[in-house]
Amino acid sequence: MPDLKELADLYAYPESHKPWLRTNFVASVDGAVQNPEGLSGNLGGEPDARLFKVLRSLSDVVVVGAGTVRAEGYHPISADSIHESLREGRSRVPVLAVISRSLVLPEQVVAPGLVVITPASSSVERRQELSRTVEVVVAGETEIDWAAVLDAFAARGLNRVLCEGGPDLNGTLVDLDLVDETCLTISPHLVGGPAKRMTVGAQAVERQMRLGHAIDEDGVLLTRWVRDRRSA
Ligand SMILES: NC(=O)c1ccc[n+]([C@@H]2O[C@H](COP(=O)([O-])OP(=O)(O)OC[C@H]3O[C@@H](n4cnc5c(N)ncnc54)[C@H](OP(=O)(O)O)[C@@H]3O)[C@@H](O)[C@H]2O)c1
C-alpha cells in the first residue's frame, strides 16, 4: 500500500504550462457511480477517501457539477481536507469551481472563495445575488464555453484541474475530448439497479485511453487512465 509521498508521486500532474484536466470517480464493479442511496458515499471505502484527499491536495482547482454539489452536500474546501505538505508554495486549498445553469446551490457552499461558472442564459438576477458573496464567471451563451474556462484557469495559473464529476458534466467533457486523465477507483461491489455510470451524454464517442497504473489496496482498485492522443 503506497504511503502519502508515494501516492502523491504516482498521481503527480505532468509539468505543463496549460491546463491538464483530470477527472476522478469511484465506481462499483458493474460501473455504478451511485450507491443504493444515490450517492457515491463510501463506495470505495478508506482507500478511495485517502486518494480523494490526495487528488484535491495536488490540484489547483476542483471543478464540479451542481448536481453533485447538491446530491453530496458540498462544502467549501477546508484546510483539514487537504494535505498541507503537498501544497508547498501554493494556496492553502484549491479553488472550488461549480458549474451550474440553474444557479440553485446549497447555502453552505456559497461562501467567499467559491467560483460559479455559468452560461449567459442563466438568470441575471440570481447571478447578481450570488456575486455579493462569490465570484460568478459567465462563459458561453447557452452552453459553457470550455475553451474560455480553461483559458481563464491558465491565466490564473490554475493548470492542475481536478474534476470531481458528476456524470453529466463528465459526459460533456468526454464529448468535447477535454479529459486528459481519468482516475477511477473500482470498488469491490455489484450495485445493480438504475445507478448512473461515470458519463452521461447525448452521443457515444470513442476516446482511446492508456493505463497509467492500477494499484490493489485491500481489494479496492485504484486506476489511472491517460488519454492517448496519438490516435486522436
Ligand atoms: N462515484 C463518483 O465518483 C461520483 C462523482 C460525482 C458524482 N457522483 C454522483 O452523481 C450524481 C449526480 O449526477 P449528475 O449527472 O446530476 O451530476 P453533475 O454532472 O455533477 O451535475 C449536473 C448539473 O451540473 C450542471 N452542469 C453540468 N454541465 C453543465 C453545462 N455544460 N452547463 C451548465 N451547467 C452544467 C447543471 O447544473 P444545474 O442543474 O444547476 O443547472 C447540471 O444539472 C450524484 O448521485 C452523485 O453522488 C458520483
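These figures come from a predicted structure and were not determined experimentally. (Residues numbered from 1 in each chain as written. Predicted model: local features only at pLDDT ≥ 70, side-chain atom pairs only at ≥ 80, totals over all residues. Heavy atoms only, no water.)

## Overview of unusual backbone geometry
Between G165 and the following residue, G166, the backbone shows a cis peptide bond with an omega angle of 0°. Within the fold, G166 resides in the loop between strand 6 (160-163) and helix 6 (167-175). Unusually for a residue other than glycine, D177 sits at a positive phi of about 55°. For D177, the position within the fold is in the loop between helix 6 and strand 7 (181-187). Assessed through its relative accessible area of 21%, D177 is described here as partly exposed. In the Ramachandran plot, D218 falls in the positive-phi region, its phi being about 55° despite a non-glycine side chain. Looking at the element boundaries, D218 is found in the loop between strand 8 (209-217) and strand 9 (220-227). Since its relative accessible area comes to 65%, D218 is described here as exposed. (Helix = DSSP H or I, 4+ residues; strand = E, 2+ residues; numbered from the N terminus. Buried < 20%, exposed > 50% of the residue type's maximum accessible area, 1.4 Å probe, protein only.)

## A look at the UniProt feature "domain: Bacterial bifunctional deaminase-reductase C-terminal" (unreviewed entry) in the protein chain
The UniProt record annotates "domain: Bacterial bifunctional deaminase-reductase C-terminal" (unreviewed entry) at residues 19-211. Taken end to end, residues 19-211 comprises 25% helix and 22% strand; its first and last C-alpha atoms sit 21 Å apart. (UniProt positions renumbered as here; feature names shortened; annotations may be inferred.)

## Quick look at the nonpolar core
One finds Y11, L96 and V98 to be the most contacted residues of the largest nonpolar core, which totals 32 residues. Secondary-structure elements contributing two or more residues to this core are helix 1 (4-10), helix 2 (45-58), strand 2 (61-65), helix 3 (66-72), strand 3 (95-99), strand 4 (114-118) and strand 9. Considering every element that reaches this core, the biggest residue donor is helix 2, with four residues. Contact partners of V98, with chain neighbours within four places excluded, come to V64, A66, V69, L105, L114, V115, V116 and I117. I99, V115, L169 and L173 belong to the second-largest nonpolar core, a separate cluster that totals 19 residues. (Core = buried A, V, L, I, M, F, W, Y, C linked by side-chain atoms within 4.5 Å. Contact = heavy atoms within 4.5 Å.)

## Concerning the site of the ligand
Among the 27 residues in the neighbourhood of the ligand, the closest are listed as G38, T68, E72, S100 and S102. S100 has a polar side-chain atom sitting 2.6 Å from an oxygen atom of the ligand. The side chain of K196 places a nitrogen or oxygen atom 3.1 Å from an oxygen atom of the ligand. The element best represented in the shell around the ligand is helix 3, accounting for six residues. Residues of the shell around the ligand, tallied by class, amount to ten nonpolar, ten polar and seven charged. (Near = heavy atom within 4 Å. Polar contact = N/O pair within 3.5 Å; in protein donor to acceptor, adjacent residues only side chain to side chain. Nonpolar A, V, L, I, M, F, W, Y, C, P; charged D, E, K, R; others polar.)

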